[in-house]
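# Coordinates in review
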Amino acid sequence: MFEQTAQIVANERAAGPYFRLVMRAPAIAPRVQPGQFVHVRVLPMKEALLRRPFSIFQVAGDTLSILFKTIGQGTEALARMGAGEELSLLGPLGHGFTLPRSDGEIPLLVAGGYGMAAMYLLAQRSPRKGIVFVGGRQRVDILCEPEFRALGWEVRVTTEDGSHGEKGLVTQALLAELRPHAAGRKLFACGPTPMLQAVGKIADEFNLPAELSLDEHMGCGLGVCLACVIPIKTSDGWEYQRTCSEGPVFDARDIAWEACL
Amino acid sequence: MNLSVQIGNLTMPNPVTVASGTFGYGVEYARLLDLNQLGAVVVKGIRLNPVRGHPTPRTAEVTSGLLNAIGLQGPGVDGFIRKYWPFLKALKVPTIVNIWGTTVEEYAEVARRFDALGGIGALELNVSCPNLKEGGAQFGTDVKLLSQVVAACRQATKLPLITKLSPNVPNIAPYAKAAEAAGSDALSVTNSFPAMAIDIETRRPKLANVTGGLTGPCIKPIAVKLVWEAAKAVKIPIIGMGGIQNAADAIEFMMAGATAVAVGTANFYEPQTALNVIAGIREFMERHGISEARQLTGSLQIAK
């Protein structure tokens, strides 16, 4: 884990409210594992103190990129920044996905919206290709479909309004695949919490292993402030664990969903 | 140039430490900075038994500040000794353990346990956490209870005792004096301020606990005033804290009367802050021909 000043190489609108930001971060980029994140301090944003966590999308040499949606003052300030400007990065952070083995289960990736970005490195580095299920509200929410296809993965798209791919939820497409072909599959998922919970339930139903990348309000990203905790089962109940340190990727069976409410 | 300062019989190699709860148990920062350059490491609050803490969301960012209601999640005394003490005791700089309880007896018992452990630099008594129904702030906002807690811990240990005062009192002087009279070797001023924030779209509080403690740069001027008032009331040293982001902030606290300072919320977003503060104090002393850090303490001049 390193703290470094990263120069922006490019910051471009991908579609609608989504941006793709490439940074030069030579200490961090070569060390990134699939599912890890960077904690970004947007230096021009003086009154909003905290860093913002972003899953790492792609890595190339000494650069890394993130895909983000403008949803608040942090991401809006980030969207206004351009090439040559600097950000402070902490990373790579967190415990990421387990890389599938060439003789292991067939990986099925399940992504909600820009959760797809967090799974690109997993697909790229997996010795075994599988299927990516991606869902969003509408066409604009389906990001990086061409990138996954270029890796040789099959991509199945669902949108809630039917403007792209099948109409419906990503979990419906997943179920349609699993009903005839569940054996020997492993699920990997990143997206909104209700989607992750549904994937966890499906994994349970078909008795499949599943790794879920969770999202919680984050403070320091270093395991210190204890803001980003989620309940994890223990031998005698559950305890809070940190999404920034023990996570963001957890085994679906370990999450004590009943304590989340 | 001499940067060292005395907190009771504890010598800090420089006046800059970290605020409890913002630095974990030190080990989390070991890969980012050299902990041995700090004046001391202050760990997150420990009570006798493990504590699960509050539900999420536990934090909310506000303008120039941070609201939190973590609920003092922690490993308890045994968990702390097993998981974190082997790392901390190998450091060259002192470890200050922040302790709390829900009864006077529990505070004293925790103090006894750490006294028996040996090697601890000092104990900081948290009598001011705003986020607990029992324990914490009730002891810090009642002069009589405060005196009882400090006196009971004083009986339980010879370790230096630092009482961390609540800002949530009409006048801090009687609390500062009560802690001093009951045997506290020093004061920490101040803990977080009770506060809240609301999401107007959902009409829900931004914290699951509804209210929390406010920290960060937005509280600094209030904290400086509290240090100034406490320093006028007592002879024991004060560790000043509240929104310190740089050496200038730290020097303000020292001029107001603090012997040492603690970097808090800034550790969350700029892990090098404490080390930058030390370098900046050194630079300030050089520039002003000051040879001893303690000469900064209480050097505020008010024109008559």
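Residues numbered from 1 in each chain as written. Chains lettered and ligands numbered in written order. Predicted model: local features only at pLDDT ≥ 70, side-chain atom pairs only at ≥ 80, totals over all residues. Heavy atoms only, no water.

## Topic: the nonpolar core
All names here are of chain B. How we decide: Only buried Ala, Val, Leu, Ile, Met, Phe, Trp, Tyr and Cys residues count toward a nonpolar core, and they belong to the same one when joined by side-chain atoms within 4.5 Å. Burial classes follow relative accessibility: with a 1.4 Å probe on protein chains only, a residue under 20% of its type's maximum area counts as buried, one over 50% as exposed, and anything between as partly exposed. Here a helix means four or more residues in a row that DSSP labels H or I, a strand means two or more in a row labelled E, and each is numbered from the N terminus. By definition in these notes, contact holds between two residues if any of their heavy atoms fall within 4.5 Å.
If you look at the biggest cluster of nonpolar residues, it comprises 125 residues, and the most contacted ones within it are Phe 80, Phe 114 and Ile 281. When residues in this core are grouped by element, the largest group, 7 residues, is from helix α10 (residues 273-287). Non-local contacts of Ile 281, meaning those with residues more than four positions away in its chain, are made with Pro 15, Val 16, Ala 247, Ala 250, Ile 251, Met 254 and Leu 296.

## Side note on a nonpolar patch on the surface
We count it as follows: Residues enter patches when their relative accessible area tops 30% and they take part in no salt bridge; the joining distance is 9 Å for like charges and 5 Å for the nonpolar side chains Val, Leu, Ile, Met, Phe, Trp and Tyr. Using a 1.4 Å probe, accessible areas were evaluated by the Shrake-Rupley method; residue-level cover was limited to the displayed protein chains. By definition, a salt bridge exists where a carboxyl oxygen of Asp or Glu is found within 4 Å of a side-chain nitrogen of Lys or Arg.
A contiguous nonpolar patch, built from Met 196, Ile 198, Ile 200 and Val 210 of chain B and spanning about 400 Å² of accessible area, is present on the exposed surface. Checked against the element boundaries, Val 210 of chain B lands in the loop between β13 (204-205) and β14 (212-215).

## A closer look at the packing of aromatic side chains
Heads up, the condition is: Classification of ring pairs rests on two measures: the distance between centres of Phe, Tyr or Trp rings, Trp counted by its six-membered ring, which must be within 6.5 Å, and the angle between planes, read as stacked under 30 degrees, edge-to-face over 60 and tilted in between. Both a distance and an angle decide whether a charge sits over a ring: NZ of Lys or CZ of Arg must be within 6 Å of the ring centre and within 35 degrees of the ring normal.
Scanning all chains against the criterion turns up 13 aromatic pairs over all chains. An angle of 75° between the planes, with centres 5.2 Å apart, marks the rings of Tyr 107 of chain B and Phe 139 of chain B as edge-to-face. Residue Tyr 107 of chain B is located in helix α3 (residues 104-117), and its partner Phe 139 of chain B is located in helix α4 (residues 137-140); the two are separated by 32 residues in the primary sequence. Here Tyr 107 of chain B falls in the buried class, since its relative accessible area comes to 0%. The class for Phe 139 of chain B is buried, based on a relative accessible area of 2%. Cluster of aromatic residues (ring-pair linked, three or more members): Tyr 25, Phe 80, Tyr 84 and Phe 114 of chain B. The ring of Trp 238 of chain A is capped by Arg 52 of chain B, whose NZ or CZ atom sits 3.4 Å from the centre of that ring.

## Some remarks on empty space enclosed by the protein
All names here are of chain B. Note the cut-off: Note on definitions: the grid is 1 Å and covers protein atoms alone; a cavity is a set of points where a 1.4 Å probe fits but cannot get out; a pocket is an open set with protein on both sides within 12 Å along at least five of seven lines; lining residues have an atom within 4 Å of a point. Grid points are joined across faces, edges and corners, and a volume is the space filled by probe spheres set on the points. In this count, Pro and Cys sit with the nonpolar residues alongside Ala, Val, Leu, Ile, Met, Phe, Trp and Tyr, while Asp, Glu, Lys and Arg are called charged and the others, Gly among them, polar.
A full pass over the atoms with the stated rule returns 2 cavities of 30 Å³ or more. Roughly 470 Å³ of internal volume is contained in the largest cavity. Together, 32 residues line the largest cavity, and Ser 20, Thr 22, Asn 68, Asn 191 and Thr 215 are the ones closest to its centre. For the lining of the largest cavity, the secondary structure elements donating two or more residues are β4 (41-46) and β6 (65-68). Per-class residue counts for the lining of the largest cavity are 11 nonpolar, 19 polar and 2 charged.

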